[in-house]
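Residue-level listing of the chains:
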Amino acid sequence: MKIELETTPNIIIAYHGCDESIANDVIFGKERLRDSNNAYDWLGHGQYFWENNKARALSWAKELKSEHPQSCINKPDVIGAVIKPGICLDLTDEKCLGLVKFAYDEMRSLISEEDLPENKETSGSRELLLRYLDCAVIEYLHNILKKRGFSVDTVRGVFVEGGPLYPNAGFRAKTHIQICVVNPKCIIGYFRPR
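Since this is a predicted model, take the numbers as computed values, not measurements.

A.B. asks: Explain the layout of surface pockets to me, please; I cannot follow it from the model alone.
C.D. replies: One way to see where empty space is left: roll a probe the size of a water molecule over the atoms. The volume enclosed by the largest pocket comes to roughly 1,300 Å³. In terms of lining, the largest pocket is formed by 40 residues, of which the most central are Asn38, Tyr40, Asp41, Trp60 and Leu64. Where the lining of the largest pocket is concerned, the elements lending two or more residues are strand S2 (12–19), strand S3 (47–51), helix H2 (54–67) and strand S9 (176–181). Considering each element in turn, the lining of the largest pocket owes the most residues, five residues, to H2. Of the residues in the lining of the largest pocket, the class split is 14 nonpolar, 14 polar and twelve charged. As a volume, the second largest pocket reaches approximately 210 Å³. Lining the second largest pocket are Trp42, Leu91, Leu97, Val100, Tyr104, Arg131, Asp134, Val137, Ile138, Gly157, Val158 and Phe159.

Here's what the structure looks like:
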């Protein structure tokens, strides 16, 4: 397959939900955000941000605190980031979607049906929030690209999530765009949102 990856010229304002102490440490340069390396991460491994959606980042941090009291979030907060996407695997772009499908087909040819990871619902939800298969495919694509001398700086995807806004609606309550920063050098800087 021919690989065509281009530098994305725009700048993205995005938000990361976290604990207030982490937000303060990152703003003051004491710490950097840690990569998420869960096997169920929607866009593979990296640092996750909500594109142009401070409110959703904060509500996610609040949900995490209430649903998982053992999490690292004591006081939900948000940190803003200015991101230059660089080489972006943009899952709203037809060429990039073709690369993901190619990676799945390659992975599928090497792994038996029984051993292929599955996306799963969380308890009490009908949504596939645990994206084991999607994460494995994205990570597999990263490996294919590295072997061919390419690397991806960011991964961007739209996620239709949550219940309908009203009866028979095509709009969902938690639809969002996420950015996964694979290369932290793409983060130009952090800021404290108002």
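A.B. asks: Is there a simple way to think about the packing of helix H3 (residues 94–110) against helix H4 (residues 132–147) in this case?
C.D. replies: For any two helices packed against each other, the geometry is given by the interaxial angle and the distance between the axes. Taken N-terminus to C-terminus, the directions of H3 and H4 make an angle of 95 degrees; their axes are 9 Å apart at the nearest point. By the angle between their directions, the pair H3 and H4 is classed as roughly perpendicular. The segment H3 lies against H4, with Leu99, Val100, Phe102, Ala103, Tyr104, Glu106, Met107 and Leu110 engaging Leu133, Ala136, Val137, Ile138, Tyr140, Leu141 and Ile144. Of the residues in the contact of H3 with H4, the class split is 14 nonpolar, no polar and one charged.

A.B. asks: Just checking my understanding: could you explain the pattern of salt bridges for this structure?
C.D. replies: Oppositely charged side chains may form a pair once their charged atoms are brought near each other. Counted by the stated rule, this structure contains 13 salt bridges. For the salt bridge of glutamate 51 with arginine 156, the shortest nitrogen-to-oxygen distance reads 2.7 Å. One end of the pair, glutamate 51, is in strand S3; the other, arginine 156, is in strand S8 (residues 154–159), and 105 residues separate them in sequence. Grouping residues by exposure puts glutamate 51 and arginine 156 together as buried. With a closest N to O distance of 2.6 Å, aspartate 77 and arginine 192 form a salt bridge.

Rules behind the numbers
The numbering scheme is per chain: residues are counted from 1 as the chain's sequence reads. The model is predicted, so local features are restricted to residues of pLDDT at least 70 and side-chain atom pairs to those at 80 or more, both for listing and for counting; the totals for chains, interfaces and linings are taken over all residues. No hydrogens and no water enter the side-chain calculation; it runs on all heavy atoms of the structure. Any residue with an atom within 4 Å of a point lines the site, the site being either a cavity, points on a 1 Å grid over the protein atoms alone where a 1.4 Å probe fits but cannot get out, or a pocket, an open set with protein on both sides within 12 Å along at least 5 of 7 lines. Grid points are joined across faces, edges and corners, and a volume is the space filled by probe spheres set on the points. Put simply, DSSP marks the helices as runs of H or I at least four residues long and the strands as runs of E at least two long, and each gets a number from the N terminus on. All amino acids are sorted into three groups, where Ala, Val, Leu, Ile, Met, Phe, Trp, Tyr, Cys and Pro are nonpolar, Asp, Glu, Lys and Arg are charged, and the leftover types, Gly among them, are polar. Axis definition: a line fitted to C-alpha atoms, limited for helices to the stretch in contact. Angles are taken between N-to-C directions and run from 0 to 180 degrees. Any angle that is under 35 degrees is reported as roughly parallel, and any over 145 degrees as roughly antiparallel; angles of 65 to 115 degrees are reported as roughly perpendicular and all others as oblique. Two residues qualify as a contact provided that any one of their heavy atoms is within 4.5 Å of a heavy atom in the partner residue. Salt bridge criterion: a side-chain nitrogen from Lys or Arg within 4 Å of a carboxyl oxygen from Asp or Glu. Per-residue accessibility, obtained with a 1.4 Å probe over protein chains only, is compared with the maximum for each type, and a residue is labelled buried under 20%, exposed over 50%, and partly exposed between these values.

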